[in-house]
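What the coordinates show
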Amino acid sequence: RGVAMAGAPSFYPSDARLRSHERPHATRDHAVALLHQTPALSFIIRPGTGPQQPVVVTYVKKSGQIVHHRIFRNPSGYYAQGSDDTFPNMYDLLLSKGFLTSDARGGAPGGFG
């Protein structure tokens with residue numbers, strides 16, 4: 001049930017384990033609409049708005065608030081805004097933040113910041 005990645009920006013972190021969360025053409029407003037009334041830690045991965053902000057994870061906090069967190073990429077991998085931890089891929093970053101379990105079902109406690 002993955003989203004086709006055809007036409008996605010080249011920086012987009014295509015990973016078969018995350019396909020059900022990828023929305024390569026979603027805007028900020030569209031992401032909020034998609035996540036409205038979904039469980040805590042539901043998330044989507046979408047493009048950012050500029051070249052220095054390639055990816056955004058939009059997610060539902062435990063409080064129900066929907067927030068947007070920038071993910072950056074450098075030669076070593078992906079890292080969340082405000083973090084010194086770098087991961088080789090988006091899956092490992094999201095796993096470390098508690099958005100995913102090791103079998104990619106999600107729902108573990110966690111989140112950014």
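Not measured: the values here are computed from a predicted model.

Further remarks concern the confidence of the model for the protein. Mean pLDDT over the protein works out to 77, with 74% of the residues at or above the 70 mark. Of all secondary-structure elements in the protein, the lowest mean pLDDT belongs to strand β1 (residues 43-50), at 85, while helix α1 (residues 28-35) reaches the highest, 94.

Turning to the packing of aromatic side chains, a few remarks are in order. Applying the stated criterion across every chain yields a total of three aromatic pairs. Ring centres of Phe72 and Tyr79 lie 5.7 Å apart, and the angle between their planes is 25°; on these two criteria the pair is classed as stacked. Look at Phe72 and you get buried, because its relative accessible area is 17%. Taken together through their ring pairs, the aromatic side chains of Phe43, Tyr59 and Phe99 make up a single cluster.

This brings us to the pairing of strand β3 (residues 66-74). Examined bridge by bridge, β3 and strand β4 (residues 77-80) share four bridges and lie antiparallel to one another. In the strand pairing of β4, Phe72 is matched with Tyr79. A loop of two residues connects β3 with β4, the two strands running antiparallel in sequence.

What counts as what
Residues numbered from 1 in each chain as written. Predicted model: local features only at pLDDT ≥ 70, side-chain atom pairs only at ≥ 80, totals over all residues. Heavy atoms only, no water. pLDDT = per-residue confidence, 0-100. Helix = DSSP H or I, 4+ residues; strand = E, 2+ residues; numbered from the N terminus. Phe/Tyr/Trp six-rings, centres within 6.5 Å; stacked < 30°, edge-to-face > 60°. Buried < 20%, exposed > 50% of the residue type's maximum accessible area, 1.4 Å probe, protein only. Pairing = 2+ DSSP bridges.

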